[in-house]
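Chains, contacts and geometry: an overview
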Amino acid sequence: MTWFPLIVLVLGPVLLAEALVARYEVLAYSAGWRAPTTELPEGVPYARGADPDSPPDAYLVYLDGIGKRRVRDTRDGGQLVKAVIAGAPELRVLGQVQPYSPLADPLADRPVWARLRRRIGLLLFLHNVMQIFVAADHRYRPLYNRAVGSQIATQLRLAGYEADSGIPVVLLSYSGGAQVATGAVEELHTQLRSPLLLITLGGFHNGANDLTHAEHVHRLTSASDRIERLGTWIFPQRWRLLRGSGWNRARRAGKITVHRLDPATHLGTRSYISPTPQPPDGRSYLERTTDTVIALIRAYHSATVATDDP
């Protein structure tokens, strides 16, 4: 008990500061005080995978969880993105989007954060956590959705995507990236008018965003994923009682399909992206997740092609 007051005294001001900083960024975007960053560091391509000289079967945008701090980094060292590119060379894959920065400004590259993270790495984690709750807050959600949706649209154009081309855009999101993915749907539809397929992996989101213009949502989950389950508890819009929420409207429209990846966990050696082998088939958790993602995209592409054929 003696440690509790100390923890409150330390974390309380930190959380308050993070909440203010998180809100500042989305307000700075909406007021036009700062323009979003569009350039990538030297040597970082706008997309990898399929040959840019010919149309890919789909563009895949990976929106990572709260560990995302730079253009290059992901929580698993980029293993999921690399595995998808290796297993589905027909896709063009973007992994550089900053889901927790409306200004597309990598957190760890900011001078003040570069110094702080060497001493207080927890601040980077807390910053992105607070950004998720800002994105879910009804007061800021429309601004946040427009900011990050516009960031994704810009990166897609720079990667060669043409509006009205009919090429599907797949938003593959991990954990808190699902809040951003569901929020980006309307802006992407407005700017690119592209067919949108969402795949959430242990998705942590509030269920409030409108999914009318999403073709389908595949929810990859596990009974052992406590963090994803927490999101279904704490956000009322995920409860079936709130029939008017964006998530429940999509559910009733038959747009949401659940895929079980038991016994995967959200984090650790049994996480969805862990290279640890698992019984009974000997594939790793990462391999099973990758195979599932690729199969869903290919099935969607095949159905789209079949529909377009005269």
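Fair warning: this is a prediction, and the values are worked out from it, not measured in the lab. (Residues numbered from 1 in each chain as written. Predicted model: local features only at pLDDT ≥ 70, side-chain atom pairs only at ≥ 80, totals over all residues. Heavy atoms only, no water.)

From N to C terminus, the chain includes 9 helices and 7 strands. By residue count, 54% of the 310 residues in the chain fall in the buried class. Sequence-distant contacts in the chain: of pairs separated by 6 or more residues, those separated by 24 or more amount to 75%. Only carbon and sulfur atoms are counted for the fraction: they give 60% of the accessible area of the chain, which is about 14300 Å². (Helix = DSSP H or I, 4+ residues; strand = E, 2+ residues; numbered from the N terminus. Buried < 20%, exposed > 50% of the residue type's maximum accessible area, 1.4 Å probe, protein only. Contact = heavy atoms within 4.5 Å. Areas by Shrake-Rupley, 256 points an atom, 1.4 Å probe, with all protein chains shown as cover.)

Now for the sheet that holds strand 7 (residues 256–260). Whether parallel or antiparallel, the strands of a sheet pair through hydrogen bonds between backbone atoms. Spatial ordering of the open sheet is given by 1-3-2-4-5-6-7, a layout of 7 strands whose pairing is mixed. On the outer flanks of this sheet lie strand 1 (48–49) and strand 7, each paired with one strand and no other. Both strand 6 (residues 216–221) and strand 7 contribute to a ladder of 5 bridges, which runs parallel. What sits directly across from R219, in strand 7, is V258. Contacting strand 1, strand 2 (58–63), strand 3 (91–94), strand 4 (169–174) and strand 5 (196–201), helix 2 (residues 79–87) crosses the sheet at an angle of about 165° to strand 3. Seen against the sheet, helix 5 (residues 141–158) touches strand 2, strand 3 and strand 4 and runs at an angle of roughly 135° to strand 2. (Pairing = 2+ DSSP bridges. Axes fitted to C-alpha atoms, helices over the stretch in contact; angles between N-to-C directions.)

Okay, the pattern of salt bridges next. A full pass over the atoms with the stated rule returns 6 salt bridges. Where R193 meets D164, a salt bridge forms, and the shortest distance between an N and an O atom there is 2.7 Å. A residue pair is termed long-range when its members are at least 10 positions apart, and R193 in the loop between helix 6 (177–192) and strand 5 and D164 in the loop between helix 5 and strand 4 qualify at 29 residues. On the accessibility criterion, R193 (40% relative accessible area) is partly exposed. Linking D291 and R283 is a salt bridge whose minimum nitrogen-to-oxygen distance equals 2.9 Å. A relative accessible area of 38% places D291 in the partly exposed class. What makes R283 partly exposed here is its relative accessible area of 27%. Ionic contacts of the salt-bridge type, sharing partners, join the residues D281, R283 and D291 into one network. (Salt bridge = Lys/Arg side-chain N within 4 Å of Asp/Glu carboxyl O.)

Our next topic: unusual backbone geometry. For the bond running from D262 to P263, omega is 5°, close enough to zero to count as cis. With respect to the element layout, P263 can be found in the loop between strand 7 and helix 9 (285–308). Despite not being glycine, S175 has its phi angle at roughly 55°, a positive value. With respect to the element layout, S175 can be found in the loop between strand 4 and helix 6.

Considering all chains together, one arrives at 3 aromatic pairs under this definition. On the basis of an interplanar angle of 80° and a centroid distance of 5.1 Å, the ring pair of Y59 and Y161 is categorised as edge-to-face. Taken together, the residues span a long stretch of sequence, with Y59 in strand 2 and Y161 in the loop between helix 5 and strand 4 at a distance of 102 residues. Note on accessibility: Y59 and Y161 belong to one class, buried. On the numbers, 5.6 Å between centres and 70° between planes, the contact of F204 with F235 is edge-to-face. Of this pair, F204 sits in the loop between strand 5 and strand 6 while F235 sits in the loop between helix 7 (226–234) and helix 8 (246–252), placing them 31 residues apart in sequence. Each of the two residues, F204 as well as F235, counts as buried. (Phe/Tyr/Trp six-rings, centres within 6.5 Å; stacked < 30°, edge-to-face > 60°.)

For the rest of this paragraph, the subject is helix 6. Roughly 40° is the biggest bend found in helix 6, and it falls at V185. Buried residues dominate helix 6, accounting for 13 of its 16 residues. (Bend = angle between axes of the 7 residues up to and from the residue.)

Axis separation between helix 5 and helix 6 bottoms out at 7 Å; the angle between their running directions is 65°. Considering how the two elements wind past one another, helix 5 and helix 6 form a crossing that is right-handed. Along the contact surface, helix 5 presents R141, Y144, N145, R146, V148, G149, S150, I152, A153, L156 and R157, while helix 6 presents Q179, V180, G183, A184, E187, L188, Q191 and L192. Of the residues assigned to the contact of helix 5 with helix 6, the class counts are 9 nonpolar, 6 polar and 4 charged. (Left-handed = near helix turned anticlockwise from the far one by under 90°. Nonpolar A, V, L, I, M, F, W, Y, C, P; charged D, E, K, R; others polar.)

Grouped together as the largest cluster of nonpolar side chains are 41 residues, with contacts concentrated most on V61, I152, L156, L171, L188, L198 and L211. When residues of this core are traced back to their parent elements, those giving at least two are strand 2, helix 4 (122–136), helix 5, strand 4, helix 6, strand 5 and helix 8. (Core = buried A, V, L, I, M, F, W, Y, C linked by side-chain atoms within 4.5 Å.)

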